[in-house]
Amino acid sequence: MAAHRSGPLKQQNKPHKGGRHRGRGSAQRDGKGRLALKTLSKKVRKDLSKVDQRHRASQLRKQKKEAVLAEKRQLGSKDGPPHQVLVVPLHNRISLSEAFRLLQDRDTGTVHLNEWGSTHSFMLLCPRLKHRWFFTSARPGDLHTVLDMAKVADTILFLLDPLEGWDSTGDYCLSCLFAQGLPTYTLAVQGVSGLPLKKQTDVRKKLSKAVEKRFPDDKLLLLDTQQEAGMLLRQLANQKQRHLAFRDRHAYLFAHAVDFVPSEENNLLGTLKISGYVRGQALNVNNLLHIVGHGDFQMKQIDAPVDPFPLNPRVIRSPKDPGMAMEICATDAVVDMEEDLKVLMKADPERQESLQTEVIPDPMEGEQTWPTEEELSEANDLLKETSKVVKKVPKGTSSYQAEWILDEDGESGGEGDEYDDIEREDFMEEESQDEGSEKEEEEECETVTLGESVHDDLYDEKVDEEAEGKMLEKYKQERLEEMFPDEVDTPRDVAARIRFQKYRGLKSFRTSPWDPKENLPQDYARIFQFQNFINTRRRIFKEIEEKEVEGAEVGWYVTLHVSEVPVSVVEHFKRGAPLIAFSLLPHEQKMSVLNMVVSRHAGSTEPVKAKEELIFHCGFRRFRASPLFSQHTAADKHKFQRFLTADSALVVTVYAPITFPPASVLLFKQNSNDLA
């Protein structure tokens, strides 16, 4: 008879828990000190079905697409700031005036010209495309102007030569712009129509191949006719915008008009009125304002005048003749500006940021009381106990050198004496051999009388021989530093104990302790330090994203009243230089120690020595400083470098205003005539 086997649907009962009831003590013993979870440390992740996951992904995709379209529609629209385009010709054969003539088409829209010395600009209003552009220009030779204007430009229009593309100056300018960070850019070729028809196709193919190295997968547009200029404008209006991290978190402004009101007490200082469109973030009057190349200042108030370049001008109809209409253009708007002027916001002294850049050090801070007699006697006894160490060392060894010698069994003082005697004998033999060789050389040589030295006719008389001598000495020092990186020559005119008295010996560079606050210079008492820099940066960036700022919104045409500005800022603007202003985040006006990782450009060949004055482009700032160089390693101690090496990245350390990363850094060396 076959045994009965239960099927898969048989009831399964729980096993019986025998023994006494489990108390709290046994539960704690089994838990071994683990506590129950009181609060959830992370958000509960809901398991969505496949349909819900697809729906959620489509919603996120739709939101991102709408955000990109909204940004594209706002730029250059009636409610947003004008689309600022920087035109940079990359070859000396390119005619900038011809390019501007093609872009200033009266059939396309209304053109308002504006000239500031060497910087030409114009506003193009196109109601048909519902877009307005503000075109400015800069030559690659004026590198500071190109870099400063690229910091605020929405799009850079590069003009290329059909045969060569760009020359050496244009190539150097492109390298600097790529290092600083490129916004949206467009490539246009000028002069293709002037070539024979058979060569145009070949020229465009060769140019595309040459440009592919720097601009892969980018389309080349032509700029020779009005029709091609119209296609270029459409391309500029429909391009997706690229973001620069260091400017998206700040409110910034490009000055369209500047007025200076001197103060009654001092004519060299006064109130500067800067008019322009707010970009980036909303602008608060209580924040500090940084004018690029001139410093930080406070604002007194923000005015909201009439927009001088409206996309759709106001139309006023005559009450006598309804059929007669008059458009309010930019010149009429400027006349009526005073009537429609309204104060948008005034500074609050209690909430306004301070201009204090340095800490006022207290000389009595950290003062110690004089030790008592008991403490002095204890210290002397301890010093006597620790100083009584007997070692066997070679003859002539100082006490400092003896500290570095390890005790080894089997050593004796006699061996050291024998070693010294052998070394003296070898030295005497070498000296006698050198004297003999010198006598032989003197016998072989003969005296020859030379005439007066005559300079080569091909040598440039304007070359400074003293500067060339200094440069040659720098090249020698750099070469010696590369050959012997871990050696330092003892000076002949100064005693070694005096020359190296600020140095400290380490038994092991990797493991020996080093207190970072030991023997700090006096200037460290004047800088600001963060308790936790990363948390402060994260908190400020979070406030920018979530907190609503009171003040002028993005796209508004405003006039900023900046107080205590020197008259040199206005003179600089009148000579043709652009005036660019950035609002500062909290703590960005304060001085601290900045560490920046830099790599030397392949085209830079001149030696750059530490503590030599350089020009810095750090984020939106431009300043001069004398930096220190050190190795870029993951350790608590870093070796000092005397020269900026070309084979590896180095860390540049400098006293400078605080700048929150990420931010680009460019270093330039000032020559007598230009930058290096």
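Residues numbered from 1 in each chain as written. Predicted model: local features only at pLDDT ≥ 70, side-chain atom pairs only at ≥ 80, totals over all residues. Heavy atoms only, no water.

The name given to the chain in an unreviewed UniProt entry is Pre-rRNA-processing protein TSR1 homolog, and the organism recorded there is Tursiops truncatus. Of the comments in the UniProt record for the chain, the one headed Function (unreviewed entry) reads "Required during maturation of the 40S ribosomal subunit in the nucleolus." (UniProt positions renumbered as here; feature names shortened; annotations may be inferred.)

Caption draft 1: Quick look at the overall build of the chain. In terms of regular secondary structure, the chain is built from 17 helices and 24 strands. In the chain, buried positions account for 34% of the 676 residues. Residue pairs in contact within the chain that sit at least 24 positions apart in sequence constitute 75% of those at least 6 positions apart. For the chain, the computed accessible surface area is about 46500 Å², with 51% contributed by carbon and sulfur atoms. (Helix = DSSP H or I, 4+ residues; strand = E, 2+ residues; numbered from the N terminus. Buried < 20%, exposed > 50% of the residue type's maximum accessible area, 1.4 Å probe, protein only. Contact = heavy atoms within 4.5 Å. Areas by Shrake-Rupley, 256 points an atom, 1.4 Å probe, with all protein chains shown as cover.)

Caption draft 2: Expanded view of a negative patch on the surface. Among the surface-exposed residues, Glu374, Glu375, Glu378 and Asp381 lie close enough to one another that they form a single negatively charged patch. By relative accessible area, Asp381 is classed as partly exposed at 43%. (Patch = residues over 30% accessible without salt bridge, like charges linked within 9 Å, V, L, I, M, F, W, Y side chains within 5 Å. Salt bridge = Lys/Arg side-chain N within 4 Å of Asp/Glu carboxyl O. Lys, Arg positive; Asp, Glu negative; His and termini not counted. Charge placed at Lys NZ, Arg CZ, Asp CG, Glu CD.)

Caption draft 3: Geometry of the pattern of salt bridges. In this structure the tally under the stated criterion is 16 salt bridges. Linking Asp171 and Arg214 is a salt bridge whose minimum nitrogen-to-oxygen distance equals 3.1 Å. Taken as a pair, Asp171 in helix α5 (residues 168-180) and Arg214 in the loop between α6 (197-211) and β7 (220-222) lie far apart in primary sequence, 43 residues in all. With a closest N to O distance of 3.5 Å, Glu612 and Lys669 form a salt bridge. In this pair, Glu612 sits in the loop between β18 (591-598) and β19 (614-618) while Lys669 sits in the segment after β24 (665-668), placing the two residues 57 residues apart along the sequence.

Caption draft 4: Summary view of the packing of helix α4 (residues 143-150) against α5. Where α4 meets α5, the closest approach of the two axes is 11 Å, and the angle between their N-to-C directions is 35°. Here the hand of the crossing between α4 and α5 comes out right-handed. Within the contact between the two elements, α4 uses Leu143, Val146, Leu147 and Ala150 and α5 uses Tyr172, Cys173, Cys176, Leu177 and Gln180. Residues belonging to the contact of α4 with α5 are distributed by class as follows: eight nonpolar, one polar and no charged. (Axes fitted to C-alpha atoms, helices over the stretch in contact; angles between N-to-C directions. Left-handed = near helix turned anticlockwise from the far one by under 90°. Nonpolar A, V, L, I, M, F, W, Y, C, P; charged D, E, K, R; others polar.)

Caption draft 5: How the structure looks around unusual backbone geometry. Residue Pro662 follows Pro661 across a cis peptide bond; omega there is 5°. Relative to the helices and strands, Pro662 resides in the loop between β23 (650-657) and β24. Despite not being glycine, Glu564 shows a phi value in the positive range, around 55°. Even without glycine at this site, His587 takes up a positive phi of about 75°. Inspection of the secondary structure puts His587 in the loop between β17 (580-583) and β18.

Caption draft 6: A look at the confidence of the model for the chain. On average, residues of the chain score 78 in pLDDT, and 78% of them reach the 70 mark or higher. Overall, residues 316-339 carries pLDDT values under 50, and its contacts beyond four positions in sequence, including any with other chains, amount to 27 contacts. Taken together, the stretch residues 409-459 has pLDDT below 50 and engages in nine contacts with residues farther than four places along the chain or on a different chain. (pLDDT = per-residue confidence, 0-100.)

Caption draft 7: Main features of the sheet that holds strand β20 (residues 621-625). A sheet is described by the order of its strands in space; here three strands give the open sequence β20-β19-β24, paired in antiparallel fashion. Strand pairing shows two members of the sheet lacking a second neighbour, β20 and β24, which therefore form its edges. Taking the axes of each pair of neighbouring strands and ignoring which way they run, one obtains an average angle of 20° across the sheet. Inspection of the sheet shows β19 paired to β20 by five bridges, in the antiparallel sense. Across the sheet, residue Leu614 finds its bridge partner in β20, namely Ala625. Here α4 sits on the sheet and contacts β19, β20 and β24; the angle it forms with β19, its principal contact strand, is near 15°. Of the strands in this sheet, β19 and β24 are in contact with α5, which crosses β24 at around 140°. (Pairing = 2+ DSSP bridges.)

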